[in-house]
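# Analysis of the macromolecular model
For reference, the chains in residue letters:
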Amino acid sequence: MKNIIYILLALFTLSSCEDDMLREYIPQTMVEAYLIVNQPIEDVKLFTSQPVFDKYDISKSAIHDAEVYIRTGDDLLKLEIDPNSSSYYYPDKTYLVKPNTHYDLEIVLKDGTVITGETNTPSEMNWVMEANDTIQYPLDTLHLRATDYISWTKVPDVSYYYGNIKCLDTLNYGKYLTPATDEPNRRVYNFMNEMSDGDEYKEISSGVLLGAQKTSVVWNVFRWFGPHAVTIYAPDANMLKWVIQAFNMQGYDERLSSVKNACGCFGSASMISDTIFLRKNQR
């Protein structure tokens, strides 16, 4: 009985120590900024991390009062906060990110902390073989054989590409058919969807790292049927490291960060995109 009491007291002490450690959590400044070649500068996120014992709230986490600049050559671009998305953007939408160009990021926080980062944007990329306008999801869901293929031009100094598939309409399905119907959309039943839960289950997009300039359609990345955007990114080293951090690491690894005086990423990528329609395998 004495041994049991000692064990319980030890466990209670350890639990109390862990609680104290959690309560002493020190927030970190986080940066997530990507420059996409031939696109405006937008969606630069700046926020503070939140403790694991509180419910995550992005609106409370976002930092709205920082000075954010992008520099390239003689150009100094001052970003503004978008109150709707709580992210920073460059107001002149006619300015597009240039390929093969060096960009610097400078963020000045209200307390005087200066956060910096730099990236060299990749070359442009183009489709070699685009996806078919309409793709049939395999009727045999136990054997998802490769059928449709896509390919693109090689981008110098890029070893891995990132593919993303995003459903554009989770409600409607039949309106895109000929003739149109009122048939609603529904989820795809596959291994990846079965593994998803919570907020991940609500995601309408998913991605995969690709080690070549050609791939068959990866059926398991689809979450819904209907219209989709298919996007291939050629990331710089900074963005690639952050993709690995976000999707493959159990905890934060500072070696995968690319900004100074904060955690996160300032990276870039070139991009190509297309739209497809995924037909249901059964009604």
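Higher on the page you've got the structure.
Residues numbered from 1 in each chain as written. Predicted model: local features only at pLDDT ≥ 70, side-chain atom pairs only at ≥ 80, totals over all residues. Heavy atoms only, no water.

### Structural notes on unusual backbone geometry
- In this model, Thr-178 is joined to Pro-179 through a cis peptide bond whose omega is 0 degrees.
- Position of Pro-179 relative to the elements: it lies in the loop between strand 11 (161–167) and helix 3 (191–195).
- Residues other than glycine seldom take positive phi values, yet Asp-157 does so here, at roughly 70 degrees.
- Within the secondary structure, Asp-157 sits in the loop between strand 10 (149–152) and strand 11.
- A relative accessible area of 82% places Asp-157 in the exposed class.
- Despite not being glycine, Asn-261 shows a phi value in the positive range, around 70 degrees.
- Relative to the elements of secondary structure, Asn-261 occurs in the loop between strand 15 (259–260) and strand 16 (263–279). (Helix = DSSP H or I, 4+ residues; strand = E, 2+ residues; numbered from the N terminus. Buried < 20%, exposed > 50% of the residue type's maximum accessible area, 1.4 Å probe, protein only.)

### Overview of the sheet that holds strand 13 (residues 214–216)
- With antiparallel pairing, three strands are arranged side by side in an open sheet as 8-10-13. The open sheet is flanked by strand 8 (127–129) and strand 13, the only strands paired with a single partner. Strand-to-strand twist in this sheet, taken as the mean axis angle between neighbours without regard to direction, amounts to 25 degrees. (Pairing = 2+ DSSP bridges. Axes fitted to C-alpha atoms, helices over the stretch in contact; angles between N-to-C directions.)

### Focus: the nonpolar core
- Core analysis: the biggest nonpolar cluster contains 27 residues, and Met-125, Trp-152, Tyr-161, Phe-222, Ile-232 and Leu-278 have the highest contact counts within it.
- Elements supplying a minimum of two residues to this core: strand 10, strand 11, strand 14 (226–235) and strand 16.
- Residue contributions to this core peak at four residues, all from strand 16.
- Excluding residues that lie within four positions of it along the chain, Leu-278 makes contacts with Ile-135, Tyr-137, Tyr-173, Val-188, Trp-219, Phe-222, Trp-224, Phe-225, Gly-226 and His-228. (Core = buried A, V, L, I, M, F, W, Y, C linked by side-chain atoms within 4.5 Å. Contact = heavy atoms within 4.5 Å.)

### Remarks on the side chain of Asp-148
- You can see Asp-148 is positioned in the loop between strand 9 (134–136) and strand 10.
- Buried and without a salt bridge, Asp-148 has Arg-279 as its closest oppositely charged side chain, separated by 11 Å.
- Of note is the side chain of Asp-148, whose polar atom sits 2.8 Å from the side chain of Asn-132.
- If sequence neighbours within four positions are ignored, Asp-148 has contacts with Asn-132, Ile-135, Thr-215, Ser-216, Val-217 and Trp-219. (Lys, Arg positive; Asp, Glu negative; His and termini not counted. Salt bridge = Lys/Arg side-chain N within 4 Å of Asp/Glu carboxyl O. Polar contact = N/O pair within 3.5 Å; in protein donor to acceptor, adjacent residues only side chain to side chain.)

### Brief notes about the packing of aromatic side chains
- Applying the stated criterion across every chain yields a total of eight aromatic pairs.
- When the ring of Tyr-90 is compared with that of Tyr-95, the centres are 6.1 Å apart and the planes differ by 90 degrees; the resulting orientation is edge-to-face. Tyr-95 shares its class with Tyr-90; the two are buried.
- With a centroid separation of 6.3 Å and an interplanar angle of 35 degrees, the aromatic rings of Trp-219 and Phe-222 are classed as tilted. Per residue, the accessibility class of Trp-219 equals that of Phe-222, and both read buried.
- A network of ring pairs unites the aromatic residues Tyr-137, Trp-219, Phe-222 and Phe-225 as a single cluster.
- The cationic tip of Lys-214 hangs over the ring face of Tyr-149; the distance from NZ or CZ to the ring centre is 5.1 Å.
- Across the ring face of Tyr-173, the terminal group of Lys-280 is positioned such that the distance to the ring centre comes to 4.5 Å. (Phe/Tyr/Trp six-rings, centres within 6.5 Å; stacked < 30°, edge-to-face > 60°. Lys NZ or Arg CZ within 6 Å of the ring centre and 35° of its normal.)

### Topic: helix 5 (residues 237–248)
- Along its twelve residues, helix 5 runs 16 Å from first to last C-alpha, staying within 8% of the 16 Å computed at 1.5 Å per residue.
- Residues of helix 5 that are buried include every one of Asn-238, Met-239, Leu-240, Trp-242, Val-243 and Gln-245, and no others.
- Buried residues belonging to helix 5 abut strand 1 (29–36), strand 7 (114–120), strand 11, strand 12 (205–210), strand 14 and strand 16. (Expected span 1.5 Å × (residues − 1).)

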